Amino acid sequence: MTAPDIEDLLRELAPQVLGALVRRHGGFEDCEDAVQEAVLAATVQWPAEGLPDNPRGWLATVASRRLIDQVRSDRARREREAATAAEAAHTEVPDTDDTLLLLFLCCHPTLTAASRTALTLRAVGGLTTAEIARAFLVPEATMAARISRARQRIKAAGSVFTLPDGAEPAERLHIVLHVLYLIFNEGYTASSGSRLHRADLAHEAIRLTRMVHAQLPEDSEVTGLLALMLLTHARRDARTTASGDLVPLDEQDRTTWDPALIDEGTELVKAALAGPALGPYQLQAAIAATHADAPTAAETNWPQVHALYLILERIAPNPMVTLNRAIALAETEGPHAGLALLSTLDSDERMAGHHRLLAVRGHLLERTGDLAGAHEHYRRAAKATAGIAEQRYLESRASRVSRPAPEAS
């Protein structure tokens, strides 16, 4: 088995072993540390000594021993030592998969969105602190402190390793899906740095969402989110040139879109839309499926896209939804209609100076023939984004509209 194969296996097994230890011993923080040490030991020993007959049992045994060492070093838990030590030799990972419970724990309502994301990637995704720090372009020490604070907050909140009661499971699942959505979005369009996308984060978000879907196959929003990720990720190879420059949707070579992901995503959309109620992820997936269904950009069913955004705007109001609806409206009723809808966002503090609002306004102004206005907005949008690929693209658009049109011969 190759090193990448071992890494993939460890990422799959780590949350299962962690769930088993937390269920048996409690103490998320100590168990998570023990599993991380076991995973580190496996990355060293397995390539050299070969894969054990029972990789999951091997991890559980090593993690349990590490946990015993931690218990022995803590005098306050001395009375638990004998019981824990007796259990350690017989630690088994049950057939039940506690990944969903782990996600619920990592997405505790008392945590910030950034902390939930970091803790999820570490405890459930199996990424090291250094890998998470690199993904979000922050120092490793900063990310380590963020994860540590998150674990302390969970401990202080007295969280138990069980599904929440009453209406809280639905609320917590909503948070889990939002965290997975944020991870995927950061992977699909990096908020900063030289690369447009980070495939490792996008792949991890898809992997974790598949896990949730496997445990909640009847949940239409879980199905919708997985469909949305697959349909969006299918376009990854067409989104940049060989030199890393951004290629907008209407200029992409659709023959390079991944047909297997599109087929799977489309089937999931059908299943999601058959549910009893519509949610935002289902609708976004339906929009992505509409784009995927069009052989060319010119053949896109823009009235359907606009109608779906209109429904989405009603059930989940969000300025980004309105911005995207403005793009669809411009395709159906012309750029002036799109600009009129964009003007409703000018008073929204969340959109003040946002590069996407500036860029879309620049695009629609260009379509009306207002090249000076388009140049100004493209230029401002380029300055407002921290993504290098987006900066280059917007600067090229600004340069293009500022050049005089060639004289007719």
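Cut-off values and rules
- Residues numbered from 1 in each chain as written.
- Predicted model: local features only at pLDDT ≥ 70, side-chain atom pairs only at ≥ 80, totals over all residues.
- Heavy atoms only, no water.
- Helix = DSSP H or I, 4+ residues; strand = E, 2+ residues; numbered from the N terminus.
- Buried < 20%, exposed > 50% of the residue type's maximum accessible area, 1.4 Å probe, protein only.
- Contact = heavy atoms within 4.5 Å.
- Areas by Shrake-Rupley, 256 points an atom, 1.4 Å probe, with all protein chains shown as cover.
- Salt bridge = Lys/Arg side-chain N within 4 Å of Asp/Glu carboxyl O.
- Disulfide = S-S within 2.5 Å.
- Axes fitted to C-alpha atoms, helices over the stretch in contact; angles between N-to-C directions.
- Parallel < 35°, antiparallel > 145°, perpendicular 65-115°, else oblique.
- Left-handed = near helix turned anticlockwise from the far one by under 90°.
- Nonpolar A, V, L, I, M, F, W, Y, C, P; charged D, E, K, R; others polar.
- pLDDT = per-residue confidence, 0-100.
- Core = buried A, V, L, I, M, F, W, Y, C linked by side-chain atoms within 4.5 Å.
- Expected span 1.5 Å × (residues − 1).
- Arc of directions from axis to C-beta.

**Here we look at the overall build of the chain**
Then comes step 1: Broken down by element type, the chain carries 19 helices and two strands.
Then comes step 2: Here the chain holds 409 residues, and 50% of them are scored as buried.
Then comes step 3: Once local pairs closer than 6 in sequence are excluded, the contacts in the chain between residues at least 24 apart make up 64%.
Then comes step 4: For the chain, the exposed surface amounts to about 19,500 Å²; the carbon and sulfur share of it is 53%.

**Thoughts on the side chain of Arg-122**
Then comes step 1: For Arg-122, the position within the fold is in helix 6 (residues 113-123).
Then comes step 2: Non-local contacts of Arg-122, meaning those with residues more than four positions away in its chain, are made with Glu-32, Asp-33, Gln-36, Leu-127, Thr-129, Ile-132, Ile-147 and Arg-151.

**Overview of the pattern of salt bridges**
Two side chains carrying opposite charge are able to pair once their charged atoms lie near each other.
Then comes step 1: Going through the model one piece at a time under the given rule, you end up with 19 salt bridges.
Then comes step 2: Here Glu-366 makes a salt bridge to Arg-400, at a shortest N to O gap of 2.7 Å. Of this pair, Glu-366 sits in helix 17 (residues 355-368) while Arg-400 sits in helix 19 (residues 388-402), placing them 34 residues apart in sequence.
Then comes step 3: When its relative accessible area of 18% is taken as the criterion, Glu-366 is described as buried.
Then comes step 4: On the accessibility criterion, Arg-400 (36% relative accessible area) is partly exposed.
Then comes step 5: One network of salt bridges, in which partners are shared, links Glu-7, Arg-11, Glu-204 and Arg-207.

**Things to note about the state of the cysteines**
Then comes step 1: In the structure shown here, the tally under the stated rule is zero disulfides.
Then comes step 2: Distance from the sulfur of Cys-107, which forms no disulfide, to the nearest cysteine sulfur (Cys-106) is 6.5 Å.

**Structural notes on the packing of helix 18 (residues 371-384) against helix 19**
Then comes step 1: At a minimum axis separation of 8 Å, helix 18 and helix 19 run at an interaxial angle of 160 degrees. Accordingly, the angle class assigned to the pair helix 18 and helix 19 is roughly antiparallel. For the pair helix 18 and helix 19, the sense of crossing is left-handed. Taken together, the residues of helix 19 that come into contact with helix 18 (itself represented by Leu-371, Ala-374, His-375, Tyr-378, Arg-379, Ala-381 and Ala-382) are Gln-391, Leu-394, Glu-395, Arg-397, Ala-398, Val-401 and Ser-402.

**Brief notes about the packing of helix 12 (residues 259-273) against helix 13 (residues 280-293)**
Then comes step 1: It is at 9 Å that the axes of helix 12 and helix 13 come closest, and there the two elements cross at 140 degrees. On the basis of their axis angle, the class for helix 12 and helix 13 is oblique. Once helix 12 is placed against helix 13, the crossing between them reads as left-handed. Between helix 12 and helix 13, the contacting residues are Ile-262, Val-269, Ala-272 and Leu-273 on the first element and Gln-282, Ala-285, Ala-286, Ala-289 and Ala-292 on the second.
Then comes step 2: Looking at side-chain class alone, the contact of helix 12 with helix 13 contains eight nonpolar, one polar and no charged residues.

**Observations concerning the environment of Glu-376**
Then comes step 1: Position of Glu-376 relative to the elements: it lies in helix 18.
Then comes step 2: For Glu-376, a relative accessible area of 31% corresponds to the partly exposed category.

**Remarks on the confidence of the model for the chain**
Then comes step 1: On average, the chain scores 85 in pLDDT, and the residues at 70 or more come to 87%.
Then comes step 2: Counted against residues more than four places away or in other chains, residues 84-91, with its pLDDT under 50, gives 12 contacts.

**Describing helix 16 (residues 335-342)**
Then comes step 1: Within helix 16, six of the eight residues are buried, which leaves the element mostly enclosed by the surrounding structure.
Then comes step 2: Listing the buried residues of helix 16 in full gives Pro-335, Ala-337, Gly-338, Leu-339, Leu-341 and Leu-342.
Then comes step 3: For helix 16, the elements touching its buried residues are helix 15 (319-333) and helix 17.

**Points about the nonpolar core**
Then comes step 1: Ranked by size, the top nonpolar core spans 89 residues in total, and within it Leu-18, Phe-28, Val-35, Leu-59, Leu-119 and Leu-225 carry the most contacts.
Then comes step 2: Take this core: its biggest share by element is 10 residues, from helix 9 (residues 168-188).
Then comes step 3: Of all hydrophobic cores here, the second largest spans 27 residues; its members include Leu-246, Leu-345, Val-360 and Ala-382.

**Focus on helix 12**
An α-helical turn contains 3.6 residues, so any two residues separated by three or four positions project in the same direction.
Then comes step 1: Between its terminal C-alpha atoms helix 12 stretches 21 Å, which fits the 21 Å expected from 15 residues at 1.5 Å a residue.
Then comes step 2: Of the residues making up helix 12, those classed as buried are Leu-261, Ile-262, Gly-265, Leu-268, Val-269 and Ala-272. Within helix 12, the buried residues cover an arc of 130 degrees as seen down the axis, which keeps them to one side. The exposed set on the far side of helix 12, more than 90 degrees from its buried face, consists of Pro-259, Ala-260, Asp-263 and Lys-270.
Then comes step 3: Those residues of helix 12 that are buried are in contact with helix 10 (199-215), helix 11 (220-233) and helix 13.

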